[in-house]
Amino acid sequence: MDKKLAKAMNEQVKNELYSAYLYLAMAAYCDYQNLPGFAHWMKTQAKEEQSHAMKIYGFLNNVGERVVMEAIAKPPAEFDSPADVFKKTLEHEKKVTALINDLYNLAQKVQDNAAAIFLQWFVTEQVEEEKNAADILAVLKVIKADSGQLILLDKELGKRE
Ligand code: FEO
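Given the structure is predicted, the values throughout are model-derived calculations rather than measurements. (Residues numbered from 1 in each chain as written. Predicted model: local features only at pLDDT ≥ 70, side-chain atom pairs only at ≥ 80, totals over all residues. Heavy atoms only, no water.)

Chemist: Help me out: how do you make sense of helix 2 (residues 36-62) in this one?
Modeler: For the α-helix, the turn length of 3.6 residues means that residues three or four positions removed from each other point alike. Along its 27 residues, helix 2 runs 39 Å from first to last C-alpha, staying within 8% of the 39 Å computed at 1.5 Å per residue. Backbone geometry just downstream of helix 2 places G64 in the positive-phi region, at approximately 80°. (Helix = DSSP H or I, 4+ residues; strand = E, 2+ residues; numbered from the N terminus. Expected span 1.5 Å × (residues − 1).)

Spelled out as structure tokens, the structure:
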């Protein structure tokens, strides 16, 4: 495998694990704010990010590349509000989308068809990831400081499978 692509995909294992860690930090904030549904949604998201990391780990392993665990940065612990949590989630997912697109473009440039086809799943997944965050953020913008509505949304988010 092209060395630059292998290094960038290895880096994405770390990026996905950072995403998991960030969403766990958000879950901890939501739990502390007595919003267990929001916390559940974020914990589920964190698990999803771990599965993204493992998908890339598996691919690198299958093509005979050594996977190396890089250092994961400390995520922020403080957020202004549930709306701020989802604003930052959407911002983060947009950054991840850019990283995935860069990876996909690199795979195409070095004519690694297997990697490009593998990465297509992530390209599509990012559309979903951004939409999920944007939809919840839109609801939170309507709710503003209505605590009754916030509790109802918390119940709804708690149903995420
Ligand atoms: Fe792994 Fe949230 O994208």
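Text resumes after the structure shown.
Chemist: Hey, could you run me through the pattern of salt bridges in this one?
Modeler: It is possible for side chains bearing opposite charge to pair when their charged atoms get close. According to the stated counting rule, one finds eight salt bridges in the structure shown. For the salt bridge of E91 with K87, the shortest nitrogen-to-oxygen distance reads 3.5 Å. Residue E91 and its partner K87 are both found in helix 3 (residues 82-109); the two are separated by four residues, about one turn of the helix. Owing to a relative accessible area of 39%, E91 belongs among the partly exposed residues under this scheme. Among the ionic pairs, K159 bridges to E156, the shortest N-O distance being 3.3 Å. Under the relative-accessibility criterion, K159 is labelled exposed at 58%. (Salt bridge = Lys/Arg side-chain N within 4 Å of Asp/Glu carboxyl O. Buried < 20%, exposed > 50% of the residue type's maximum accessible area, 1.4 Å probe, protein only.)

Chemist: Help me understand the environment of S51, please; the structure alone is not making it clear to me.
Modeler: Considering the arrangement of structural elements, one finds S51 in helix 2. Judged by relative accessible area, S51 falls into the partly exposed class, the value being 35%. In terms of polar contacts, S51 uses its side chain to reach the backbone carbonyl oxygen of E48, at 2.7 Å. (Polar contact = N/O pair within 3.5 Å; in protein donor to acceptor, adjacent residues only side chain to side chain.)

None of the figures reported here should be taken as evidence of function without further support.
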